[in-house]
Number of protein chains: 2
Amino acid sequence: MQYQFSDKVKNITGSATREIFKLLVRPEIISFAGGLPATECLPKEDIAAITAEILSSNEAIGALQYGSTEGFKIYLEQVINFVLGTGVKVDSFDNILTLSGGQQGIDLMSKAFLNKGDTVLVEDPTYLAALQIFATYEANIVGIKSNKDGLDLDDLTQKIKKHKPKFLYVVPTFSNPTGKTYSEEIRRGIAKITLENNVMVLEDDPYSKLRFSGKEINALKTFEVADNIVYITSFSKILAPGLRIGAAIGNKDVIRKMAIGKQGADVSSAHLSQLITAKYLSKGLLVPNIEKSIPIYKQRKDAMIAAIEKHMPSEYKYENPDGGLFVWGKLDAKIDVATLLPKAVEKNVAFIQGTVFYAGGKNENTLRLNYSNASIDKIETGIKALSEVFKQELTRK
Amino acid sequence: MQYQFSDKVKNITGSATREIFKLLVRPEIISFAGGLPATECLPKEDIAAITAEILSSNEAIGALQYGSTEGFKIYLEQVINFVLGTGVKVDSFDNILTLSGGQQGIDLMSKAFLNKGDTVLVEDPTYLAALQIFATYEANIVGIKSNKDGLDLDDLTQKIKKHKPKFLYVVPTFSNPTGKTYSEEIRRGIAKITLENNVMVLEDDPYSKLRFSGKEINALKTFEVADNIVYITSFSKILAPGLRIGAAIGNKDVIRKMAIGKQGADVSSAHLSQLITAKYLSKGLLVPNIEKSIPIYKQRKDAMIAAIEKHMPSEYKYENPDGGLFVWGKLDAKIDVATLLPKAVEKNVAFIQGTVFYAGGKNENTLRLNYSNASIDKIETGIKALSEVFKQELTRK
């Protein structure tokens, strides 16, 4: 049999994250490559108790029978209440859709808007799975320059004029991979420029609740003046990724088209995940869990920054984030860090090369380090090992 | 804001099944319109006990943390063992992919193979959500004639020659909507003709375990001589649809492309659903649950056939299925049954017009009745009410 795959997947043979998950299996590996929440922050006892309550009550049938694509009302009510925390107001159930993890929102937005060849704008660098999804929709992906405060608004304006994009995809708070947070001014600018040019925005916000320092900032969506921003929230980083649960919020016509896409994709999101999350939130357990998690992540981030300061060569430059899961860095030298990954893995440490996060690749000297899923000791050991690999290479050059 | 939706969803405004779910909310409605398993067959006590076991053990972390797109090995092992019951042999974990419900398999197969304008062949009539999915991939959907034993092989051959399709989609055992089962000869013919013409087949098999009568028959996949058939199994009709869990089985290159699509769509299927299903199967609970379910479905089917015989006008013709969830029928008259749906709903009974299951629509005199989710009493009452609507219309004409 000769397989005639679609143009959507023909040239996609794997993904960097997938290969990384394979590395994680070896227990001796200290992995800074993934983006897993700390195991200590997964509230297994509470989830066990809540699940037992659901399955011993009248809710059990709802958990097991077919249900609506849009999601359980009791789940959506809790999400509506939760997103108020980033300033996002939801007027009606017509404006919200349950997602099987935040990532499904990127897929459904793409399905709703993208024809082959349509342009999507992204920050350069951005979330690599988003780049992969846009590639399966055969989109023209165009990177926007950015600075420490967020997108470069002049470059955004120019590229909107040039490419007439369908939408802009951004992670404005504690971005993956850079950890960067867009300023209020940049948010206001993005809202204004995109609306003036009739461009949709997809705001992906999985990390904003994990803030260690700095002032809280409202979601980009709160700066819009008309309905052109779709906001994605996710419980993967603050509750449990294995539940695969999130929500999309936006104009009702857009949400309706995304629901049509979802109906084909998976009919509805796993019912237990919806009911567990609803009950976890309604019992007021999420805020305490986040408050417990933040010091854990801060300690790990501080440990990583301290180890970098102590061990890394002076050519290594990094960003110190106010929250989230990642430290973005680069080697100020003509080095492709991807070629050093096998050497790092030999020393039992893994990272992810930054080039995979760029719309056009390149930037081979950049890398993303994740600190959320390793102990303080391992962070010190791992950064020391990685710095030795880098120093050796710098000396060799 | 002016929304420029993609061609994929632009012309899709809703779906018959979604509107039906809305009707089901009114408690006085006797609905023959859906496809829900009997509430009595959802093993809530066993699932509650199993879930408690999982969440109080070491498996809890696996249930809550990120995991692989392909799925938990302990789940896949159980599925591999389960599909042996329809003769399907799985050589390696590379040949199987966890799905978030069987329907996700239709979406991922479409993503893997369909470019805009590519042809998909389907039996006329076929599963309506499959038609919707193919429409979102902008496929050219071509219906194949069928007879009581399955697809018309001459028509299949002709339409393959004419349209050079990417794949054929079929539900060969207790089809939705017709309840029909393809004979061994037809299965062998399909396997032979598609392979000779380098056409893939997507075999959707959610119902085959729900057999009341007749001889068991191996899956269409077991008749293939090379790897051109992808087989989808689902636990929605024999365990619990709310878990949203199934699996796709096929050639490893095809499964890999489907996994790439799945990675973008939802990263992985809900972990609790995978672990609950794995444990439910490993404890040997599925076979007893199916054995308990079959008499319930058979009773309901028999009650529906008896009520049809008793009440329906002579113009009403129907198929008596050997299993599954549906009785397919038609009125031998020039009547568009969709126009009678509001009158039926007035009398508190709902059905689904058959026209929505046809690639090219038409066949307005056909209808699908579901018997699995109504009591014997309600089936009698509902069919009586529906027959009155039909008789009235026939008299009026």
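Before reading on, note that the structure itself is shown above.
To start, this report covers the structure provided alongside it.

Definitions and cut-offs
Residues numbered from 1 in each chain as written. Chains lettered and ligands numbered in written order. Predicted model: local features only at pLDDT ≥ 70, side-chain atom pairs only at ≥ 80, totals over all residues. Heavy atoms only, no water. Contact = heavy atoms within 4.5 Å. Buried area = accessible area lost by both parts, 1.4 Å probe. Salt bridge = Lys/Arg side-chain N within 4 Å of Asp/Glu carboxyl O. Polar contact = N/O pair within 3.5 Å; in protein donor to acceptor, adjacent residues only side chain to side chain. Helix = DSSP H or I, 4+ residues; strand = E, 2+ residues; numbered from the N terminus. Nonpolar A, V, L, I, M, F, W, Y, C, P; charged D, E, K, R; others polar. Buried < 20%, exposed > 50% of the residue type's maximum accessible area, 1.4 Å probe, protein only. Least-squares fit on C-alpha atoms with pLDDT ≥ 70 in both. Arc of directions from axis to C-beta. Axes fitted to C-alpha atoms, helices over the stretch in contact; angles between N-to-C directions. Parallel < 35°, antiparallel > 145°, perpendicular 65-115°, else oblique. Pairing = 2+ DSSP bridges. Left-handed = near helix turned anticlockwise from the far one by under 90°. Phe/Tyr/Trp six-rings, centres within 6.5 Å; stacked < 30°, edge-to-face > 60°.

## Comments concerning the interface of chain A and chain B
Facing 79 residues of chain A, the contacting portion of chain B comprises 80 residues. If you sort the residues of chain A by the area they bury against chain B, Met1, Leu64 and Tyr66 of chain A come out on top, with a joint share of 11%. Across the chain A-chain B interface, the total number found is two salt bridges. Two residues, Lys111 of chain B and Asp107 of chain A, come together in a salt bridge whose shortest N-O distance is 3.3 Å. Applying the counting rule to chain A against chain B returns 38 residue pairs in polar contact (both at pLDDT 80 or more). The set of elements that each furnish at least two residues to the side of chain A that touches chain B consists of α1 (16-24), α2 (44-55), α3 (59-64), α5 (102-113), α6 (128-136), α9 (252-266) and α10 (271-282) of chain A. Per-element accounting of the side of chain A that touches chain B gives the leading share, nine residues, to α9 of chain A. For the side of chain A that touches chain B, a count of residues per class yields 35 nonpolar, 28 polar and 16 charged.

## Some thoughts on the side chain of Ser31 of chain A
Residue and element names in this part refer to chain A. As for its position among the elements, Ser31 is in strand β1 (residues 30-31). The class for Ser31 is buried, based on a relative accessible area of 13%. For Ser31, the side chain forms a polar contact with the main-chain nitrogen of Ala33, separated by 3.1 Å.

## Comments concerning the relation of the copies chain A and chain B
It takes a turn of 180 degrees to lay chain A on chain B, together with a shift of 0.0 Å along the axis; the resulting RMSD is 0.0 Å. Here the transformation between the copies is reduced to the relation of a two-fold axis. When the interface residues of chain A are mapped onto chain B, 100% of them again fall at the interface, so both copies present the same face.

## Remarks on the environment of Ser56 of chain A
Residue and element names in this part refer to chain A. Structurally, the position occupied by Ser56 is in the loop between α2 and α3. The exposure class assigned to Ser56 is exposed, which follows from its relative accessible area of 63%. At a separation of 2.9 Å, a polar atom in the side chain of Ser56 contacts the main-chain carbonyl oxygen of Ala52. At 3.3 Å, the side chain of Ser56 and the backbone oxygen of Glu53 are in polar contact.

## Considerations on helix α7 (residues 153-163) of chain B
Residue and element names in this part refer to chain B. Within the sequence span of α7, burial applies to Asp155, Leu156 and Ile160. Projected onto a plane normal to the axis of α7, the buried residues spread over an arc of 135 degrees and lie on a single side. Along α7, the residues that are exposed and aim more than 90 degrees away from the buried face are Asp154, Gln158, Lys161 and Lys162. Here the buried face of α7 lies against β3 (119-123), β4 (140-144), β6 (150-151), β7 (167-170) and α8 (184-196). The backbone nitrogen of Asp154 lies 3.0 Å from a side-chain oxygen of the residue at the head of α7, namely Asp152. Once α7 finishes, Lys164 follows within two positions and takes phi at roughly 45 degrees, a positive value.

## Examining the packing of α2 of chain A against helix α2 (residues 44-55) of chain B
At their nearest, the axes of α2 of chain A and α2 of chain B sit 10 Å apart, and the two run at 180 degrees to each other. With respect to α2 of chain B, the axis of α2 of chain A lies roughly antiparallel. In contact with Ile47, Ala48, Thr51 and Leu55 of chain A of α2 of chain A, α2 of chain B contributes Ile47, Ala48, Thr51 and Leu55 of chain B. Partitioned by chemical class, the residues of the contact of α2 of chain A with α2 of chain B number six nonpolar, two polar and no charged.

## Brief notes about the sheet that holds β7 of chain B
All names here are of chain B. Spatial strand order, β2-β10-β9-β8-β7-β3-β4: seven strands in an open sheet with mixed pairing. Edge positions in the sheet fall to β2 (96-99) and β4, since each of these pairs with one other strand and no more. In this sheet, adjacent strand axes meet at a mean angle of 20 degrees when their direction is disregarded. The pairing of strand β8 (residues 200-205) with strand β9 (residues 229-234) spans five bridges and is parallel. Within β9, the residue paired with Glu203 across the bridge is Tyr231. Along the sheet face, helix α4 (residues 73-83) touches β2, β9 and β10 (246-249) and points at about 105 degrees away from the line of β2. Against the sheet, helix α9 (residues 252-266) contacts β2, β8, β9 and β10, and its axis sits at roughly 30 degrees relative to β2.

## Some thoughts on the sheet that holds strand β8 (residues 200-205) of chain A
Residues and elements named next belong to chain A. Sheet architecture is open: seven strands sit in the order β2-β10-β9-β8-β7-β3-β4, paired in mixed fashion. Edge positions in the sheet fall to β2 (96-99) and β4 (140-144), since each has one partner strand and no second. Between one strand axis and the next, the sheet turns by 20 degrees as a mean value, whatever way the strands run. Judged from the three bridges that link them, strand β3 (residues 119-123) and strand β7 (residues 167-170) form a sheet pairing that is parallel. Bridging from a neighbouring strand, Val122 pairs with Tyr169 of β7. Each of β3, β4 and β7 touches helix α7 (residues 153-163); the most contacted strand, β4, lies at about 160 degrees to it.

## Structural notes on unusual backbone geometry
Put simply, Asp124 of chain A and Pro125 of chain A share a cis peptide bond, and its omega is 0 degrees. Within the secondary structure, Pro125 of chain A sits in the loop between β3 and α6. Residues other than glycine seldom take positive phi values, yet Asn198 of chain A does so here, at roughly 60 degrees. Within the fold, Asn198 of chain A resides in the loop between α8 (184-196) and β8. Of note, Lys362 of chain B is a non-glycine position whose phi angle comes to about 60 degrees, a positive value.

## Description of the pattern of salt bridges
Pairing of side chains with opposite charge becomes possible as their charged atoms draw close. Residue and element names in this part refer to chain A. Applying the stated criterion to the full structure yields 50 salt bridges over all chains. Note that Lys347 is salt-bridged to Glu388, the shortest N-O span being 3.9 Å. Within this pair, whereas Lys347 is found in the loop between α12 (341-346) and β13 (349-350), its partner Glu388 is found in helix α13 (residues 376-396), the two being separated by 41 residues in sequence. With a relative accessible area of 39%, Lys347 lands in the partly exposed category. Across the salt bridge formed by Glu393 and Arg396, the nearest N and O atoms sit 3.0 Å from each other. Of this pair, Glu393 and Arg396 both sit in helix α13, three residues apart, which is roughly one turn of that helix. Residue classification places Glu393 among the buried residues on the basis of a relative accessible area of 7%. Each of Asp7, Lys10, Lys116 and Glu138 takes part in a single network of salt bridges with overlapping partners.

## Some thoughts on the packing of α7 of chain B against α8 of chain B
Residues and elements named next belong to chain B. For the pair α7 and α8, interaxial distance at closest approach is 10 Å and the crossing angle is 15 degrees. Relative to α8, the element α7 lies roughly parallel. Here α7 and α8 pass one another in a crossing that is right-handed. Contacts from Leu153, Leu156, Thr157 and Ile160 in α7 reach Ile186, Gly189, Ile190, Ile193 and Thr194 in α8. A per-class count over the contact of α7 with α8 returns six nonpolar, three polar and no charged.

## Here we look at the packing of aromatic side chains
Residues and elements named next belong to chain B. The full count for this structure, using the stated rule, is 24 aromatic pairs over all chains. Judged by centre distance (5.6 Å) and plane angle (70 degrees), the rings of Phe134 and Phe167 are edge-to-face. Taken together, the positions of Phe134 in helix α6 (residues 128-136) and Phe167 in strand β7 put the pair 33 residues apart, joining distant regions of the chain. Each member of the pair Phe134 and Phe167 is classed as buried.

Treat this as a map of the structure, not an account of what it does.
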